[in-house]
Amino acid sequence: MTEQKDYRYLLTAHNDHIFNTTGTRPQFFIRTYGCQMNSRDSEKMSALLMQLGYTPATHQDNANFILFNTCCVRESAEDKVFGHISRLKPVKAENPNLMIGVCGCMTQQSIIAQKIEKKLPYINLVFGTSNRHRLPEFLWRAIQTGAPVIDITEDDTLPEIKDIAVTTRDFPHKAGVNIMYGCDNFCAYCIVPYVRGRERSRPMADVLQEIETLAADGVKEVMLLGQNVNAYGKGLRDESATFPELLRNVNEINGIERIRFMTSHPKDFSESLIAAVKDLPKVCKAIHLPLQSGSTRVLADMNRMYSQDEYIALAKRLQTAMPKIALSTDIIVGYPGETEADFEATLKVVRQVGFSGAFTFMYSKRSGTPAAERTDTIPPKVVSERFDRLTAELYPILKAYNQAKIGETIDVMVEEPTKGRGADNTLVHFTSEKNLSPGNMIHVRVTEAKTFYVIGEVVK
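Since the model is a prediction, treat every value here as computed from it, not as a measurement. (Residues numbered from 1 in each chain as written. Predicted model: local features only at pLDDT ≥ 70, side-chain atom pairs only at ≥ 80, totals over all residues. Heavy atoms only, no water.)

(A) Structural view of the overall build of the protein. Each helix and strand counted, the protein has 14 helices and 19 strands in total. Relative to the compact-globule value of 23 Å for 460 residues, the protein shows a C-alpha radius of gyration of 23 Å, a close match. Dimensions of the protein along its principal axes, counting C-alpha atoms only, are 65 × 60 × 45 Å. The burial tally for the protein puts 54% of its 460 residues in the buried class. Surface exposure of the protein reaches about 20600 Å², of which carbon and sulfur atoms provide 51%. (Helix = DSSP H or I, 4+ residues; strand = E, 2+ residues; numbered from the N terminus. Rg over C-alpha atoms; globule rule 2.2 N^0.38 Å. Buried < 20%, exposed > 50% of the residue type's maximum accessible area, 1.4 Å probe, protein only. Areas by Shrake-Rupley, 256 points an atom, 1.4 Å probe, with all protein chains shown as cover.)

Here's what the structure looks like:
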């Protein structure tokens, strides 16, 4: 840790010298891809860079340092990253002092890091998910030597960037908080365990301290983040550190008004967690519960460790305990070996559960996963046809969920002047005579429902 602090000092002194000489500070721009955990990582790296003497750029074109924080869950995400990076080649040629970095899940794969080193030599630094705390070192070395710095060393301890307050967020009133890292489930289609590592839970005291700091900074809503938050506490010495207990403690923090979490693995959703969600007033009655497939056979192939009947039973227990609970999900269409009967099983679950929201995907092959070795792939035309059938079945259900709100007055936390979210995560568009700030709580009477949002009027 001493060495890391030295790099911070050296880089800060370097940027202070630039400011004293030119009157301006070097600017940075971070482009983030993927999930909420990536967004939170970017916020932390942004706070670190500001401590090092950089200032945020309003646009990529104004930046002295551009950092891509990447995702590799789907091939399209990687293609998008490489497209954006390749467009910087002529910019770099005109401005050799521009620093360009790539980090995150995509670069944690050695084959991708090697590809960047070989085909994109103008990139200055490449690092992964396990060593982002070494960003000051990588930047300093790249600046001093002029040579690319490529380091995807895995660090299972992953020192948290926790001695730096994150004061700039996309939404000042809400923040994500990592409660754990990595994943032990090894779903056959998923690259995450290979790029994020095995499950490591943060000590509960550290999580609570971070949330208290955020609350003091004006945060009213927190999203507790982990690949499988239901497994929180495993591996910690404190056996009382469970996810339900963490929720109870966060519920007691002054200033926090809403608590959300994702993602929940169905196999680990305990009765004690159901009770905690039901009983704790600040915990939103909205749960993201990935299904992936409704076929028990395909679920076994995916290594999801639950059956169709077990998933439906869990959904019904949640809906019985909390009749107005919102259940959203993830669904993959066209997994290798998926038959028409398998797909119909997915439609059966969609009809029976009645989801409030869903992320639907056509299967994307990820090199390095067991599913990538499968030869019984589904023809693209069949996958596309099934995807269309799924959305045709799903979208009326989502709209019906929203239509049931017409005439109701719901609590909405403002995100933008005419937009906010209900406690069940419903997106709400509204009209208001006042200029409302993010974080304001208002009452909105719903007058109209669409598939993905509702429209309403502010009630005094």
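(B) Broad picture of the nonpolar core. Within the largest apolar cluster, 59 residues are counted, with the highest numbers of intra-cluster contacts made by Leu 224, Phe 243, Leu 246, Leu 247 and Leu 318. Counting residues per element, this core draws most heavily on helix H8 (residues 204–216), at six residues. With sequence-adjacent residues up to four places away left out, Phe 243 is seen in contact with Ile 179, Leu 224, Val 229, Asn 230, Tyr 232, Phe 261 and Leu 273. Ranked by size, the runner-up nonpolar core spans 27 residues in total, among them Leu 88, Val 102, Cys 105 and Val 195. (Core = buried A, V, L, I, M, F, W, Y, C linked by side-chain atoms within 4.5 Å. Contact = heavy atoms within 4.5 Å.)

(C) The sheet that holds strand S7 (residues 174–178), seen in detail. Read from one edge of the open sheet, three strands run S7-S10-S11, paired in parallel fashion. The two strands at the open ends of the sheet, each matched to only one other strand, are S7 and strand S11 (258–262). This sheet shows a mean twist of 25° between the axes of neighbouring strands, independent of strand direction. Relative to the sheet, H8 contacts S7 and strand S10 (221–225), its axis offset from that of S7 by approximately 165°. Running over the sheet, helix H9 (residues 243–251) touches S10 and S11 and is turned about 155° from S11. (Pairing = 2+ DSSP bridges. Axes fitted to C-alpha atoms, helices over the stretch in contact; angles between N-to-C directions.)

(D) Summary view of the sheet that holds strand S6 (residues 149–151). Pairing is parallel in the open sheet, where six strands are placed in the order S2-S1-S3-S4-S5-S6. Where the open sheet ends on each side, the last strands, each with one partner, are strand S2 (55–56) and S6. Here five bridges tie strand S1 (residues 27–32) to strand S3 (residues 65–70), and the two strands are oriented parallel to one another. Residue pairing across strands places Arg 31 opposite Phe 68, the latter belonging to S3. The sheet contacts of helix H2 (residues 36–51) involve S1, S2, S3, strand S4 (99–104) and strand S5 (125–127), and relative to S1 the element is tilted by about 175°.

(E) Molecular detail of the pairing of S4. Most of S4 sits inside the fold, with six of its six residues counted as buried. Burial of the side chains of S4 extends over both faces: Met 99, Gly 101 and Cys 103 are buried on one face and Ile 100, Val 102 and Gly 104 on the other. As paired strands, S3 and S4 are joined by six bridges and run parallel to one another. Looking at the pairing, Phe 65 lines up with Met 99 of S4. In the sheet, S4 pairs with S5 via two bridges, with the strands oriented parallel. From the neighbouring strand, Gly 101 faces S5, where its bridge partner is Leu 125.

(F) Spatial organisation of the packing of aromatic side chains. Across all of its chains, the model carries nine aromatic pairs by this definition. Measuring from ring centre to ring centre gives 6.4 Å for Tyr 54 and Phe 65, while their planes differ by 50°; the resulting arrangement is tilted. With a gap of 11 residues between them, Tyr 54 in the loop between H2 and S2 and Phe 65 in strand S3 connect regions that are remote in the sequence. On the basis of relative accessible area, Phe 65 is assigned to the buried category, the value being 1%. Seen from their ring centres, Phe 186 and Tyr 194 are 5.5 Å apart, and the 75° between their planes marks the pair as edge-to-face. (Phe/Tyr/Trp six-rings, centres within 6.5 Å; stacked < 30°, edge-to-face > 60°.)

(G) Local environment of the pattern of salt bridges. Summed over all chains, the structure comprises 31 salt bridges. Arg 248 serves as the salt-bridge partner of Glu 245, at 3.5 Å between the closest nitrogen and oxygen. Placement of the pair is Glu 245 and Arg 248 together in helix H9, with a separation of three residues, close to one helical turn. Under the relative-accessibility criterion, Glu 245 is labelled partly exposed at 29%. Between Glu 448 and Lys 450 there is a salt bridge, with its nearest N and O atoms 3.0 Å apart. Connected through shared salt-bridge partners, Glu 338, Glu 340, Glu 344, Glu 385, Arg 386 and Arg 389 make up one network. (Salt bridge = Lys/Arg side-chain N within 4 Å of Asp/Glu carboxyl O.)

(H) Just the packing of helix H12 (residues 308–321) against helix H13 (residues 340–353), in detail. Packing of H12 against H13 brings their axes to within 11 Å, and their N-to-C directions diverge by 10°. Accordingly, the angle class assigned to the pair H12 and H13 is roughly parallel. Mapping the contact onto sequence places Gln 308, Tyr 311, Ile 312, Ala 315, Lys 316 and Gln 319 in H12 and Ala 345, Lys 348, Val 349, Gln 352 and Val 353 in H13. (Parallel < 35°, antiparallel > 145°, perpendicular 65-115°, else oblique.)

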